Amino acid sequence: TAYRQFYLDNRDRNKGQFSLAVDVIRNLTVTPTFGLRNDNYMLNDAVEDGMKSDHSWNAGVELAYAASPDTRFLLSYMNEHRSQIISSAGTAAPGAFTTATYYTANVEDKINTIVASVDHAFIPNKFDVRVGYTWSFGTNSQPLIFGNGTVPTAATGGQYPDVTTQFQRFEALAKYKLDEE
């Protein structure tokens, strides 16, 4: 009965998003973006496991250039940061919360994404090709702090190590429109 549903129970959300497309010069559009989301949860530390907060923000910019009516280029960058505070009783028996077993973890994700693409109409309104590349790399950390202020030691397995990830994607898409006949 002391368990709360992650992401669902007692959530107070504040969210905002901003983007603005600016034509810098003819055929070049720059679009800065920013987003913020703060979810806070009503959590009774004395008796409940669960998520205390889930805060995130992102900021980026996109450049789109139309070199001709048949050729367009796109380059974008996005930086994202997410922080979740999660609490748990650990290995304690249900209802037996102690400062030595109760812990919180600040799970943090930091992600950077770069996208580049080009669209070209080899035969306008008939044969189009799109080539794109995406590179995303990030780091996840989740240090634990026990209710009594201590942290895991080497004797107990230590802290979780940071996890780094990298994702790459190359895509090529060709589209040919057949005559209606």
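Just so you know, these numbers come straight off a predicted model, no measurement behind them. (Residues numbered from 1 in each chain as written. Predicted model: local features only at pLDDT ≥ 70, side-chain atom pairs only at ≥ 80, totals over all residues. Heavy atoms only, no water.)

J.: Account for the side chain of Thr71, with residues named and values stated.
T.: Counting through the fold element by element, Thr71 comes out in strand E5 (residues 71–88). Among the polar contacts made by the side chain of Thr71, one reaches the side chain of His120 at a distance of 2.5 Å. Excluding residues within four positions of it along the chain, Thr71 makes contact with Tyr65, Ala66, Val118, Asp119 and His120. (Helix = DSSP H or I, 4+ residues; strand = E, 2+ residues; numbered from the N terminus. Polar contact = N/O pair within 3.5 Å; in protein donor to acceptor, adjacent residues only side chain to side chain. Contact = heavy atoms within 4.5 Å.)

J.: Describe the pairing of E5, with residues and values.
T.: Note: strand E4 (residues 50–68) against E5, 17 bridges, orientation antiparallel. Note that in E5 the partner of Tyr65 across the bridge is Phe73. Hairpin remark: E4 followed by E5, antiparallel, with two residues in the connecting loop. In this structure, E5 lies alongside strand E6 (residues 103–123), joined through 18 bridges in antiparallel fashion. Within the sheet, the bridge partner assigned to Met78 lies in E6 and is Thr113. (Pairing = 2+ DSSP bridges.)

J.: Mind laying out the pairing of strand E3 (residues 28–41), listing which residues take part and the relevant values?
T.: Looking at chain direction, strand E1 (residues 11–19) and E3 are connected through nine bridges and run antiparallel. Within E3, the residue paired with Gln17 across the bridge is Gly35. With 13 bridges joining them, E3 and E4 adopt antiparallel strand pairing. Bridge pairing links Val30 to Leu63 in E4.

J.: I'd like a description of the environment of Leu144, backed by residues and values.
T.: Along the polypeptide, Leu144 turns up in strand E8 (residues 144–146). Assessed through its relative accessible area of 11%, Leu144 is described here as buried. In the structure, Leu144 is positioned 37 residues away from Val107 in sequence and 9.0 Å away in space, judged by C-alpha atoms. In contact with Leu144, other than residues within four places in its own chain, are Tyr103, Thr104, Ala105, Val151, Pro152, Gln159 and Tyr160. (Buried < 20%, exposed > 50% of the residue type's maximum accessible area, 1.4 Å probe, protein only.)

Such coordinate-based values are descriptive only and should not be taken to indicate function.
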